[in-house]
Each structure stands twice: as C-alpha cells, then as structure tokens.
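Listed here are the chains, written in short residue letters.
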Amino acid sequence: MIDRPTIDRILDAANIVDVVGEFMQLKRRGANYLGLCPFHNEKTPSFTVSPSKGFFKCFGCGVAGDSAKFIMEHEHLSYPEALKLLAKKYNIEVIEKEQTKEDIEKQNERESLLVVSSYALRQFSENLFNTDEGISVGLAYFKERGFRQETLKKFEVGYSLSKRDAFSKKALDDGYKQDFLIKTGLSIQGDDRIFDRFSGRVMFPIHSLSGQPLGFGGRILKTDAKAAKYVNSPESDIYHKSRILYGIFQARKAITRDDKCYLVEGYTDVLSLHEAGIENVVASSGTALTQEQVKLIKRFTPNITILFDGDQAGIKASLKGIDIVLEEGMNVKIVLLPDGEDPDAYSKKVSNEEFHRFLRDNETDFIRFKSKLLMTEAANDPIMKANLISDIVKSIAVIPEAIPRTVYIKECSGILEVNEQILYNEVNKLLTQKRIGDKTKFPVPESLPVVPKPAIKHEPASFYSEREIIRLLLKFGSVEFEQSANEEDKITVADYIVREIVSDELDFDDIVCAKIFADFKFNSEQGLITNDKQFVQHEDPQISSLSADLLSDTYELSKIWEVKQTYVETEDMKLKDIVGDAVLKFKSDKINILRKALMMQLEEAVKANNQEKINQLQRKYTTLSAALGEISKQLGGRILL
Ligand SMILES: [Zn+2]
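Draft legend 1. Representation of the overall build of the protein chain. Helices and strands together make up the secondary structure of the protein chain, namely 30 helices and 18 strands. Burial status across the protein chain gives 48% buried among its 641 residues. For the protein chain, the exposed area adds up to about 32100 Å²; of that, 51% sits on carbon and sulfur atoms.

Now the structure itself:
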C-alpha cells in the first residue's frame, strides 16, 4: 500500500508532457501538445496533452486522465504499479511495508507475473556480476565480444546459472509461487520438480516501453549440438513477442530525437549499435516483423531504416516481410552491410565515425533497393523478370497514398526497363482486387438488423471548425477585432471572419452553420451588427438549438474544444488569437477535404491511365499543399489539429 501523502507527492511531481512524451511523439500546438493516439488507430492526431491542466485526452476514442491513468492504460498496469513507476522516474521514495509471502500470493496473476519477471532480472544480473560462474562464464563472454560494462547495465543483461534448477529453487525459497514461475516460462515442469528454462545462458531481458521486463532471450554459451543457440520466453499474459521490440525502452527517446528508427535482427546488434553511438535502434528478435511492431515504431517516427547482413541469400527472404511496413505508409530505407558482415561485427570492425558514414552513404529507398537487387539477378531471364515485376508491383500496391505510388512507378519503370503504363495497369489490377477483397472480408449476415451508424461517423473533417467559427460569431461577432481611430473603420470579429472566409471562396458543409453564417455575411456586408439573440430565438428549431448549444458554457467542455479550457477563462483577453486560429483551422480543414477529394480523382485518373489528368491533378495537389504550408507558417510552426 502506498500512503496518500506519497501519492500526492508523486502526482505533483509528474509532468504530464514528460510522462506521455516518453511513450510517443508529441508536438506543441499553442498551449497544448498533440500526437497520434496510442490507444486507437488514427492517421491524423487527436490525442491532446494539456500541461497546464495536467491531463491528456483523445478526441478520437475518448480516453482521458492524468499521468497515472496514462501509465495504467498504456502499460496495462494497476494504479499502485503506475504510481511506483512514476515515483521511480521522479526519484520519489515510496514507503511500503515489506511484502510477505502472503502479500505475494494476494496479488493478482498478471501483477504476479510482472513481479516474478522483475525478480528474475535481478537474480540474473546478480549472477552475472557477483558469482564466480557468472563472472568466469557469462561476463567473460560479454567482455570477449567487446561489450562495455555500462552497456551491459543499460540493457540489464544477466546470466542464468548452469545448475538445472538453480533459479527455480532460489525463487521458490524466496516465496515465489511455482505456478507463476511456470506461467512466465522461466521454469519448466518436470516429472517431480521444476527446472530452469534458461540454465547456462546469458540473459537479455525484453523490456516494455516503460522498462518493465516482460520476457527474456537466452543465448547458450556451451557448444552443444542439441541445444538451440537462442531460447526465448514463451507467450504469456505479459509477454507477446509480436507486440514488443527488443531495445524499444532504451531507444524510444533517441528515435523521437532523430526521427528515425533502425531495425536490426539480434540482441547483440542492438547493444553494439548503442556502443557505436546509435541509440535509435530496435530488434524484432528472431520473429518476422509484425504489424503491431511496425505500429509501435510508427508511434515515434514514420522513418524506418532496416540494416541487412551482407549475405544475399538472407535478404531476398526478408524482403517480403517489409511490405507490412509499406502498408503502414512508413518511409522504409535499407542499408546493406558489406559482404559477410552483420551490424554487431561491422560496427566493431570500423571506427564509430566510419560506421555512421557508412550508414549515411548506403541508405537506399526500399522499392529502389528491391528493384535493383532483383534486377541484377533477372536481367537476362525473361521469366524471372516477369516474376520480379509482379513482385515489385505488389510492394508498390500496398502503399496507402497515391502520390508516392505514382512516384515509385515512374522510377521503377526506369530501373526495370518496363513501360510505365504497364506498371500502372498492374498496380491498378491489384488495387481493384484488394478493394473487392476488403468488401467481401466481413460479410454482414442477412439476419442481423441494419443498425444506423451514429451521426458522428459521417461528420466531415471540418465539423468542429465550422462550429467553432459559428460559436465565435455568435459570442463575439460584434466585438471590435482591430483597434481603429474612427467608428467608420471599425472592424468587428464578424467582419474579419466573414472577409476571410468569403475571400477564399469557402463554404460551410453543415446546413445549419451555413444558414447562420449567411446572416452574418449579409449584415457584415451591409455594415450592420448581428445580434445573437435572433439566432437563439430563431423560428427554425435547428438554428435555435445549435445557437443555444454553442453559446452555453457546457459547450466549451464538450468534444474538441475541451482542451481549450484555458481559452474559456481568458477568452476575452486572447480573442484576437483565438479568432485567428479558428479561421486558420477552418481553412486548413477545408483544404484537407479538397486534398482528399483530389486524391480520389487521382486514383481514378491513374486507373484510367490518363497521364494528362494525372499531371494536372498533381499540380493542383501541390498548390493546395503550398496553401497548407502557408497556414502553418502563419501559425508560427504550431501544428494544426
Ligand atoms: Zn484515441
């Protein structure tokens, strides 16, 4: 049990931006921070952190709370566990009564598995540094491989003694239940007693994002033909190998900082790269890369660079797995190490400076890499070449955005010496198949009633920005926007908003909003002041109800503008900024809607092989992107929601 004063101390110390920022990339936006929600799948950020209020909130899935809540949700921890984690981060001593055997039994199963895992980590570390066997066998191995002590400590590596039940026996003696030792996979049930899974191996703990050990990888040191070189923890309630990446805990800050993640194969590759000064590196540790792992990286950066050992045979097999990364819309690059080298060996062979330079100079875009690699093999073999083309086409077709797809098609047509049009046709065939496939994947049984989707699903992207514009018009329309010497030139908030929207020829999608705006527009152009009462008491019930809603205090607390509670308090004082921001937000939402429509037209044009149309649409797209860039410049580099 943690006492109340300690809890308060922990929560007072916890800085929500720091806490959340350790797990995902946050960008500043005005007084708040914004990022892609880690709790649901989204492409545009709706996850907001308010440092002044000390809480986070996702407008996509609704999850919200303080630092402790974030840790609980994110790391699947209990409240006390989350508090302890925060206490550790902020060096706050947690005074708790010593756990007795009974206490350990009382904890729920998941917690128990985590506790056992942490205990094992401590034991293995103790073995490595403080026992004769650990030092002469385990530590000697790491030293021979040239690893520094600080790296071993950073990754909390350890050693499991060679006696078949050394760990299991000690754990039982220390009060840990046999059941949990087996469920974590640390021990194996024998006929009459339990044995260690990892005996005689150096141990690599696999940490969660917050540094909690979830599982282990163990490398055998004896040359034993029967034993596997590496053994990993089996799947358990806490360890799911497809969801975690080795080294992510030690890498996540560097990944955000460098906006890039290197992917290698093995535990020692990760350690070696850290020693070479490259800390933004993770390993999928033996398994083929999964979509969940890609999403985990994507939370921190869209840029991934995969290091390949310098042997051609292994590469081709690995290439297929990379389509998963492309599907997530990430930028994939490849570095091929020199013949016969792996990242571990090569980073040690050359100086750090040479290694960094090598990575920089040899980074190649994935599609380009794949085309060139396969082309060298297939150059004179028409059948191989046909297979190769269909292979490349498959990779291009999984890329979610049309623009990079067309760029790749252009480029590959050069490398593969194939007519661009043929590639377009092939890609389109696959896209069409995929669309049909997606539709038939989950057929709705006929007996089920058709439930109308909630209206919120159909809201255009500009739903909230339209409402915010109307709210500002209703609430502050007649307030002076810019100081002016005489009454004649007085510009009101309504004048400003109307002018901005009309001059860019933008419209409201929401009919009610459009009606209200039309009245403001009319009055503003006549030099009249619009009275908000006319809307609240309007004969059209939709207008009166929306106006009342927007003018009520509860509106600020609902939905998207909740994060702007700081605005509510000081809205009058910062009115000019708020109105300016709202107009920019409105414009950028409208531009994004146009861009999306353009994208769809582009796909159609690509499908119809209309090159002229494609060029024309790409030009339009560029213009819109430039307009967006202009808006973000006006926002002073702040990111729009
Ligand atoms: Zn969410």
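Draft legend 2. Layout of the coordination of the zinc ion. Those protein atoms acting as donors to the zinc ion are Cys37 (SG), His40 (ND1), Cys58 (SG) and Cys61 (SG), and they sit at 2.1 to 2.3 Å. Metal-centred angles of 102 to 118° between the four donor atoms at the zinc ion mark the site as tetrahedral. On the basis of relative accessibility, which here comes to 5%, the residue Cys37 falls in the buried class. Judged by relative accessible area, which is 37%, Cys61 ranks as partly exposed.

Draft legend 3. Region of the structure containing the nonpolar core. Phe47, Val49, Phe142, Tyr246, Ile248, Val282 and Ile367 are the most contacted members of the largest nonpolar core, which has 143 residues in total. Considering each element in turn, this core owes the most residues, nine residues, to helix α6 (residues 109-130). Not counting residues up to four positions away in its chain, the partners in contact with Ile367 are Leu326, Ile392, Ser395, Ile396, Ile399, Tyr408 and Cys412. If you look at the next biggest cluster of nonpolar residues, it comprises 31 residues, including Ile469, Tyr496, Val498 and Leu550.

Draft legend 4. Region of interest: the packing of helix α18 (residues 366-378) against helix α20 (residues 402-416). The geometry of α18 relative to α20 is characterised by a closest axis approach of 10 Å and an angle of 20° between their N-to-C directions. In terms of axis orientation, α18 runs roughly parallel to α20. Seen from above, α18 lies across α20 with right-handed handedness. Only Tyr408, Glu411, Cys412, Ile415 and Leu416 of α20 make contact with α18, whose side of the interface consists of Ile367, Arg368, Ser371, Lys372 and Met375. Partitioning the contact of α18 with α20 into residue classes produces six nonpolar, one polar and three charged.

Draft legend 5. Up close: the side chain of Glu500. With respect to the helices and strands, the residue Glu500 is situated in helix α23 (residues 493-503). For Glu500, a relative accessible area of 19% puts it in the buried group. Residues within four places of Glu500 in sequence aside, it is in contact with Val583 and Lys587.

Draft legend 6. Structural context of the side chain of Ser233. Position of Ser233 among the secondary structure elements: in the loop between β11 (230-232) and α11 (248-258). At 2.7 Å, the side chain of Ser233 forms a polar contact with the backbone nitrogen of Phe216.

Draft legend 7. Focus on the sheet that holds β11. Across the sheet, which stays open at both edges, the four strands sit in the order β6-β9-β10-β11 with antiparallel pairing between neighbours. This sheet does not close on itself; its edge strands, each paired only once, are β6 (158-160) and β11. Going from strand to strand, the sheet's axes swing by 35° on average, the running direction of each strand aside. Judged from the three bridges that link them, strand β10 (residues 213-220) and β11 form a sheet pairing that is antiparallel. Looking at the pairing, Gly217 lines up with Asn232 of β11. Each of β6, β9 (201-207) and β10 touches α6; the most contacted strand, β10, lies at about 35° to it. Along the sheet, helix α7 (residues 132-144) contacts β6, β9 and β10; its crossing angle with β6, the most-contacted strand, is approximately 130°.

Draft legend 8. The pairing of strand β3 (residues 47-50), seen in detail. Taking every second residue as pointing to the same face, both faces of β3 are buried, with Phe47 and Val49 on one and Thr48 and Ser50 on the other. Direction of pairing for strand β2 (residues 32-35) relative to β3: antiparallel, over a ladder of three bridges. By the bridge assignment, Gly35 is partnered in β3 with Phe47. The antiparallel hairpin formed by β3 and strand β4 (residues 55-58) contains four residues in its connecting segment, where Gly54 sits at a positive phi of about 70°.

Draft legend 9. Region of interest: the pattern of salt bridges. Summed over all chains, the structure comprises 31 salt bridges. Residues Asp165 and Lys163 are paired through a salt bridge, measuring 3.4 Å at the closest nitrogen-oxygen approach. Asp165 sits in the buried class, given a relative accessible area of 11%. When the shortest N-O distance is used, the salt bridge between Glu363 and Lys260 registers 2.5 Å. With Glu363 in the loop between α17 (352-362) and β16 (364-365) and Lys260 in the loop between α11 and β12 (261-264), this residue pair connects regions lying 103 residues apart in the sequence. The buried category is assigned to Lys260, whose relative accessible area is 18%. Overlapping salt bridges bring together Glu22, Lys89 and Arg252 as one network.

Draft legend 10. Region of interest: the sheet that holds β4. The five strands are arranged β1-β2-β3-β4-β5 in an open sheet whose pairing can be described as antiparallel. Every interior strand has two partners, whereas the edge strands, β1 (27-29) and β5 (64-65), have only one.

Draft legend 11. Geometry of the packing of aromatic side chains. Applying the stated criterion to the full structure yields 28 aromatic pairs. Ring centres of Phe56 and Phe70 lie 5.4 Å apart, and the angle between their planes is 85°; on these two criteria the pair is classed as edge-to-face. Here Phe70 lies in helix α3 (residues 67-75) and Phe56 lies in strand β4, a separation of 14 residues in the sequence. By the burial criterion, Phe56 is buried, and Phe70 matches it. Ring pairing ties together the aromatic residues Tyr141, Phe142, Phe147, Phe155, Phe204, Tyr230, Tyr246 and Tyr267, which thus form one cluster. Lying over the aromatic face of Phe23, Arg252 brings its terminal NZ or CZ to 5.7 Å of the ring centre. The side chain of Lys348 reaches across the aromatic face of Phe147, ending 3.6 Å from its centre.

Draft legend 12. Layout of the confidence of the model for the protein chain. When pLDDT is averaged across the protein chain, the result is 83; 88% of the residues are at 70 or more. No element of the protein chain has a lower mean pLDDT than helix α28 (residues 565-570), at 40, and none a higher one than β6, at 97. The model gives residues 439-458 a pLDDT under 50, and that stretch makes three contacts with residues more than four places away or in other chains. Throughout residues 554-570 the model reports pLDDT below 50, and contacts reaching past four residues in sequence, or to other chains, amount to 36 contacts.

What counts as what
Residues numbered from 1 in each chain as written. Predicted model: local features only at pLDDT ≥ 70, side-chain atom pairs only at ≥ 80, totals over all residues. Heavy atoms only, no water. Helix = DSSP H or I, 4+ residues; strand = E, 2+ residues; numbered from the N terminus. Buried < 20%, exposed > 50% of the residue type's maximum accessible area, 1.4 Å probe, protein only. Areas by Shrake-Rupley, 256 points an atom, 1.4 Å probe, with all protein chains shown as cover. Donors = N, O, S within 2.8 Å, 3.2 Å for Na, K, Ca; no water. Tetrahedral: all angles 85-135°; square planar, octahedral: opposite > 155°, others 65-115°. Core = buried A, V, L, I, M, F, W, Y, C linked by side-chain atoms within 4.5 Å. Contact = heavy atoms within 4.5 Å. Axes fitted to C-alpha atoms, helices over the stretch in contact; angles between N-to-C directions. Parallel < 35°, antiparallel > 145°, perpendicular 65-115°, else oblique. Left-handed = near helix turned anticlockwise from the far one by under 90°. Nonpolar A, V, L, I, M, F, W, Y, C, P; charged D, E, K, R; others polar. Polar contact = N/O pair within 3.5 Å; in protein donor to acceptor, adjacent residues only side chain to side chain. Pairing = 2+ DSSP bridges. Salt bridge = Lys/Arg side-chain N within 4 Å of Asp/Glu carboxyl O. Phe/Tyr/Trp six-rings, centres within 6.5 Å; stacked < 30°, edge-to-face > 60°. Lys NZ or Arg CZ within 6 Å of the ring centre and 35° of its normal. pLDDT = per-residue confidence, 0-100.

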